[in-house]
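Here are the chains, one letter per residue:
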Amino acid sequence: MTHPSQFRPVALEHASRLINHGPTVLVTASHGGRRNIMAAAWSMPVEFTPPRIAVVIDKSTYTRELITQSGSFGIIVPGAALMDLTYAVGSETGRDDDKFARHGIVAGTGPVLGLPVLAQGCAAWLECRWLPESRSEQAYDTFFGEVVAAAADARIFENGHWHFTDANADLHTLHHLGAGKFVVAGNQLQARLP
């Protein structure tokens, strides 16, 4: 097949980035008095009822260790104001010290599982009970969780819908493109039936 002149082949290792425009999330976990926070670009809903999500968490991460020990994890949806922090916690390990303390992150406690959750600068958070799926975790690093609690900032998400406006630009979701580059959701349009 021939390609129009403006199209170039994409390395397969980058092919998923062509369709991955979901929000970058922060994943939190805690166990035995230790906690961690990391960024993840690949997450998505997989079931409606009960609500379940999938998130890719590399085998080498400290967060993954804490999840498998505790059986739970948090998902935080950072706003545009937290772009630098999101990139930092996604680029560093928390194995040697507490990233929350290192970066001055103020965390609350989730109401059901007691996970670290953030409100300042975030659009939403979810507490998830881990649903072990050893085949997908070992082969693909994909973790599944059942959402047991969730909250969103009403300035950007209300009545089950996102509302991106100029007034809430600091809460617009981040979308990682690779190499520390992000785009921010916005320019919301409303479709009409023909």
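Residues numbered from 1 in each chain as written. Predicted model: local features only at pLDDT ≥ 70, side-chain atom pairs only at ≥ 80, totals over all residues. Heavy atoms only, no water.

A. Examining the overall build of the protein chain more closely. Of the regular secondary structure elements, the protein chain holds 4 helices and 13 strands. For 194 residues, the compact-globule estimate of 2.2 N^0.38 gives 16 Å, and the protein chain sits close to it at 17 Å. Its C-alpha atoms give the protein chain principal-axis dimensions of roughly 55 × 40 × 35 Å. Per-residue burial over the protein chain gives 38% buried out of 194 residues. (Helix = DSSP H or I, 4+ residues; strand = E, 2+ residues; numbered from the N terminus. Rg over C-alpha atoms; globule rule 2.2 N^0.38 Å. Buried < 20%, exposed > 50% of the residue type's maximum accessible area, 1.4 Å probe, protein only.)

B. Inspection of unusual backbone geometry at higher detail. A cis amide bond links Thr49 to the next residue, Pro50, at an omega of -10°. Here Pro50 lies in the loop between strand 3 (43-47) and strand 4 (52-56). For Asp141, which is not a glycine, the phi torsion comes out positive at approximately 65°. In this fold, Asp141 is placed in the loop between helix 4 (134-140) and strand 9 (142-152). In this model, Ala179 sits at a positive phi of 55°, which is unusual for a non-glycine residue. With respect to the secondary-structure elements, Ala179 resides in the loop between strand 12 (174-178) and strand 13 (181-184). Classification of Ala179 as exposed rests on a relative accessible area of 66%.

C. The arrangement of the nonpolar core in detail. Ranked by size, the top nonpolar core spans 25 residues in total, and within it Val27, Val55, Ile57, Ile67, Phe73, Ile75 and Cys128 carry the most contacts. When contributions to this core are tallied by element, the ones reaching two or more residues are strand 1 (25-31), strand 2 (34-40), strand 4, helix 1 (62-70), strand 5 (72-78), strand 8 (122-131) and strand 9. Of all the elements, strand 8 adds the most residues to this core, at 5 residues. Not counting residues within four places of it along the chain, the set of residues in contact with Val27 comprises Asn36, Ile37, Met38, Ala40, Val55, Ile57, Thr63, Ile67, Phe73, Gly74 and Ile75. Listed in part, the 14 residues of the second largest apolar core include Ile37, Val89, Trp125 and Ala149. (Core = buried A, V, L, I, M, F, W, Y, C linked by side-chain atoms within 4.5 Å. Contact = heavy atoms within 4.5 Å.)

D. Geometry of helix 1. Of all the residues in helix 1, the buried ones are Tyr62, Thr63, Arg64, Leu66 and Ile67. Looking at the buried positions of helix 1, the neighbouring elements they touch are strand 1, strand 2, strand 5, strand 8, helix 4 and strand 9.

E. Quick look at the sheet that holds strand 8. Taken together, the 7 strands give an open sheet; going across it, the order is 2-1-5-8-9-4-3, and neighbouring strands pair in antiparallel fashion. Both outer strands of the open sheet, strand 2 and strand 3, are each paired with one neighbouring strand and no more. The mean angle between the axes of side-by-side strands here comes to 35°, regardless of whether they run parallel or antiparallel. By the bridge criterion, 5 bridges tie strand 4 to strand 9 in an arrangement that is antiparallel. Considered in strand 9, the bridge of Val55 is made with Phe143. Helix 1 rests against strand 1, strand 2, strand 5, strand 8 and strand 9 of the sheet, and its axis sits at about 50° to strand 1. Where helix 2 (residues 83-91) meets the sheet, its contacts fall on strand 1, strand 2 and strand 5, and the angle it forms with strand 2 comes to roughly 110°. (Pairing = 2+ DSSP bridges. Axes fitted to C-alpha atoms, helices over the stretch in contact; angles between N-to-C directions.)

F. Region of the structure containing helix 2. The complete set of buried residues in helix 2 reads Leu85, Thr86, Ala88 and Val89. Summarising the axial view, the buried residues of helix 2 lie within an arc of 165°, below the 170-degree limit, and thus occupy one face. Of the exposed residues in helix 2, those oriented more than 90 degrees away from the buried face are Asp84 and Ser91. Those residues of helix 2 that are buried are in contact with strand 1, strand 2, strand 5, helix 3 (99-103), strand 12 and strand 13. (Arc of directions from axis to C-beta.)

G. How the structure looks around the side chain of Thr142. Structurally, Thr142 can be placed in strand 9. Those residues within four positions of Thr142 in sequence are excluded, and the remaining contacts are Ala54, Val55, Val56, Ser136 and Glu137.

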